[in-house]
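Single-letter residue listing:
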Amino acid sequence: MTEKPWQGRFSQPTDAFVEEFTASIGFDQRLYRYDIEGSIVHARMLARQGIIENAEMEAIAAGLKEILDQIEAGDFEFSVALEDIHMNVEARLTERIGPVGGKLHTARSRNDQVALDIRLYLRDEVREILAFLDRLQRALLDQAEKHLGVIMPGFTHLQTAQPILFSHHLMAYFEMLRRDRQRFAEGLRRINVLPLGSGALAGTTFPIDREFVARELGFDEVGRNSLDGVSDRDFAIEFGAAAALLMMHLSRFCEELILWSSAEFSFIELSDAFCTGSSIMPQKKNPDVPELIRGKTGRVYGNLVALLTLMKSLPLAYNKDMQEDKEPLFDTIDTVKGSLKVFAAMVPAIGVRADRMRSAAAAGFSTATDVADYLVRKGLPFREAHEAVGKTVRYCIEQGKELPALTLEEFRSFSPKIEADIYGHVTLEASVNARAATGGTALAAVQSAIERARRELDGTS
Ligand code: ARG
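Conventions adopted
- Residues numbered from 1 in each chain as written.
- Predicted model: local features only at pLDDT ≥ 70, side-chain atom pairs only at ≥ 80, totals over all residues.
- Heavy atoms only, no water.
- 1 Å grid on protein atoms, 1.4 Å probe; cavity = no way out; pocket = protein on both sides within 12 Å on 5 of 7 lines; lining within 4 Å.
- Points joined across faces, edges and corners; volume = space filled by probe spheres on them.
- Helix = DSSP H or I, 4+ residues; strand = E, 2+ residues; numbered from the N terminus.
- Near = heavy atom within 4 Å.
- Polar contact = N/O pair within 3.5 Å; in protein donor to acceptor, adjacent residues only side chain to side chain.
- Areas by Shrake-Rupley, 256 points an atom, 1.4 Å probe, with all protein chains shown as cover.
- Nonpolar A, V, L, I, M, F, W, Y, C, P; charged D, E, K, R; others polar.
- Phe/Tyr/Trp six-rings, centres within 6.5 Å; stacked < 30°, edge-to-face > 60°.
- Buried < 20%, exposed > 50% of the residue type's maximum accessible area, 1.4 Å probe, protein only.
- Lys NZ or Arg CZ within 6 Å of the ring centre and 35° of its normal.
- Axes fitted to C-alpha atoms, helices over the stretch in contact; angles between N-to-C directions.
- Parallel < 35°, antiparallel > 145°, perpendicular 65-115°, else oblique.
- Contact = heavy atoms within 4.5 Å.
- Salt bridge = Lys/Arg side-chain N within 4 Å of Asp/Glu carboxyl O.
- Pairing = 2+ DSSP bridges.

### Looking at the layout of surface pockets
Then, number 1: Volume-wise, the largest pocket comes out at about 510 Å³.
Then, number 2: Along the walls of the largest pocket sit 24 residues, with His-168, His-169, Met-171, Ala-172 and Glu-175 positioned nearest its centre.
Then, number 3: Counting only elements with at least two residues in the lining of the largest pocket, the list comes to helix H7 (166-191), helix H10 (234-260) and helix H18 (443-457).
Then, number 4: In terms of residue count, H7 provides more of the lining of the largest pocket than any other element does, nine residues in total.

Rendered as structure tokens:
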């Protein structure tokens, strides 16, 4: 039986199932690197402050580095009896270097230690997620640039509304990702606060130097209240919320990719590398990757709600409930990273069927608004213009014609204000390029949106 660091107060061993039930080592072992990094800096601070001897610190730091190598090499046996990553590392340290290993935990508690580990870990993960987001944004920009000029139908209610540039549609997702990046980056500010030094809850009686620890570990701030330091998980919840929004965006994009790649739309072709077949229907090519990302959105929402519910009504300060913060957090990180990674690879491999998009855009009277706007410019009140064009569309449906196919006489039967120049307003290009203000779908507007986005990503704006 492994000796537990808190054995002193107990006369009976832990029930075997309770040991298993309360242990977190099965999942918190992924924090090992941060646990060791934090411990080494903590030991250095203790020595600087004269709380432990320099030689003791050297022995501790060397022992911890060996443990790190061991874990990295896969030769470390994690013990459930030692509950969590913190006690596993500490117990092994003492095994290796003797009783001096027991000095590492001076002026520290697992409560501030675990808060430190999660923050260090999440900080790295967020930085990685930001890099993935950058990659995906660039993939979108490349596609938007490559297919500039391709016209597709824009939809409201999933009904053809007005023609738009395919690139403009892609750039809408660019904007969503841009906000996602801002949210993750903003969250980093609150992740990057040092909790170590909070002790179990009330601080510590030792003359520690928290500012040194913060500097060494790259924290921008030192936590201002020890109770809050050990009991705050806002930063993880905020991260979970930013992740939920990101996944919601990806799920919308996925839904469109699924629709667009269907035989009914045929706007795009997804690369075979991102699809699978059916075991029974030989003709099938299923958009599994977008479907799966759409589906995974649910677990990220679930993890957010799990974290919020976990923290709800918890009295100050640390409570064992909080050990349950890790699995939802880790699952969100893994899901988001996996989804972004595959998405960034999938986007460049999307084949665009410009002909199909164009013919869909040309159908469905997508330039009807342009005729109405034309009449308004000729002095008709918008409501009357709307009425006249509504009747024109009804006539077109009866005649089986699209608007550009009407003769001038036919047009004029709905409003005498219509003249021959109407034909310059009902083409797809005219309709798209008429929307030239900032944020509109005109070629020049989209081109400058792409250029601005590129400058922003390159940090040259
Ligand atoms: N494994 C624990 C967790 O993840 C570490 C902190 C335990 N602290 C305690 N006093 N039991 O929350």
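### Focus: the site of the ligand
Then, number 1: Contacts to the ligand come from Ser-24, Asp-28, Asp-84, His-86, Arg-110, Asn-111, Val-114, Tyr-318, Gln-323 and Lys-326.
Then, number 2: Contacts to the ligand include Gln-323, whose side-chain N or O atom sits 2.9 Å from a nitrogen atom.
Then, number 3: Lys-326 places a side-chain nitrogen or oxygen 2.5 Å from an oxygen atom of the ligand.
Then, number 4: Computed on the free molecule, the ligand has an accessible area of 340 Å², of which 86% lies beneath the protein chains in the complex.
Then, number 5: Counting residues per element, the shell around the ligand draws most heavily on helix H6 (residues 110-146), at three residues.
Then, number 6: Tallied by class, the residues present in the shell around the ligand amount to two nonpolar, four polar and four charged.

### A closer look at the packing of aromatic side chains
Then, number 1: In this structure the tally under the stated criterion is 13 aromatic pairs.
Then, number 2: Between Phe-155 and Phe-265, the ring centres sit 6.1 Å apart and the planes meet at 65°, which makes this aromatic pair edge-to-face. Taken as a pair, Phe-155 in strand E1 (residues 151-156) and Phe-265 in the loop between H10 and strand E5 (268-269) lie far apart in primary sequence, 110 residues in all.
Then, number 3: For the pair Phe-184 and Phe-239, a centre-to-centre distance of 5.6 Å together with 55° between the ring planes defines the contact as tilted. You can see Phe-184 sitting in helix H7 and its partner Phe-239 sitting in helix H10, a full 55 residues away along the chain. Of the two residues examined, Phe-184 and Phe-239, each falls in the buried class.
Then, number 4: In this structure, Arg-9 packs its charged tip against the face of Phe-10, placed 5.9 Å from the ring centre.

### Comments concerning the environment of Glu-20
Then, number 1: Relative to the helices and strands, Glu-20 is located in helix H1 (residues 16-22).
Then, number 2: Judged by its relative accessible area of 54%, Glu-20 is exposed.
Then, number 3: A C-alpha to C-alpha distance of 41 Å links Glu-20 and Ser-279, two positions 259 residues apart in sequence.

### With respect to the packing of helix H3 (residues 32-48) against helix H4 (residues 54-73)
The description of two helices packed together rests on the angle between their axes and the distance between the axes.
Then, number 1: Where H3 meets H4, the axes come as close as 9 Å, and the angle between the chain directions of the two elements is 175°. With respect to their mutual orientation, H3 and H4 come out roughly antiparallel. Listed contacts from H4 to Tyr-32, Arg-33, Ile-36, Ser-39, Ile-40, Ala-43, Arg-44 and Ala-47 of H3 are Asn-54, Met-57, Ile-60, Ala-61, Leu-64, Lys-65, Ile-67, Leu-68, Ile-71 and Glu-72.
Then, number 2: Across the contact of H3 with H4, the residue classes break down as 12 nonpolar, two polar and four charged.

### Considerations on the environment of Lys-4
Then, number 1: Within the secondary structure, Lys-4 is located in the segment before H1.
Then, number 2: Sequence separation between Lys-4 and Thr-14 is 10 residues, and the spatial gap between their C-alpha atoms is 9.9 Å.
Then, number 3: The contacts of Lys-4, once residues within four sequence positions are left out, are Thr-14, Glu-19 and Ala-81.
Then, number 4: Polar side-chain contacts of Lys-4 include one of 2.6 Å to the side chain of Glu-19.

### A closer look at empty space enclosed by the protein
Then, number 1: Inspection of the entire model under this criterion finds three cavities of 30 Å³ or more.
Then, number 2: Of the pockets and cavities examined, the largest cavity occupies roughly 40 Å³.
Then, number 3: Around the largest cavity sit His-42, Met-45, Ala-107, Leu-194, Leu-196, Gly-197, Ile-208, Asp-209, Arg-210 and Val-213, which together line it.
Then, number 4: Listing elements by their share of the lining of the largest cavity, those giving two or more residues are H3 and helix H8 (210-217).

### With respect to the pattern of salt bridges
Then, number 1: Under the definition given, this model contains 37 salt bridges.
Then, number 2: The closest approach of N and O atoms between Glu-238 and Arg-190, which form a salt bridge, is 2.7 Å. One end of the pair, Glu-238, is in helix H10; the other, Arg-190, is in helix H7, and 48 residues separate them in sequence.
Then, number 3: With a relative accessible area of 30%, Glu-238 lands in the partly exposed category.
Then, number 4: We classify Arg-190 as partly exposed; its relative accessible area is 35%.
Then, number 5: Note that Glu-419 and Lys-378 form a salt bridge whose closest N and O atoms lie 3.1 Å from each other. Within this pair, whereas Glu-419 is found in the loop between helix H16 (408-412) and helix H17 (428-433), its partner Lys-378 is found in the loop between helix H14 (368-377) and helix H15 (382-399), the two being separated by 41 residues in sequence.
Then, number 6: Each member of the salt-bridge network shares a partner with another, and the members are Glu-83, Asp-84, Arg-110 and Lys-320.

### So, the pairing of strand E2 (residues 159-165)
Then, number 1: Two strands pair when backbone bridges link them, and E1 and E2 are joined in this way by six bridges, in the antiparallel orientation. When the sheet's bridge partners are listed, Pro-153 is paired in E2 with Pro-163.
Then, number 2: Linkage of E1 to E2, two consecutive antiparallel strands, is achieved through a turn of two residues, within which His-157 is found at a positive phi near 55°.

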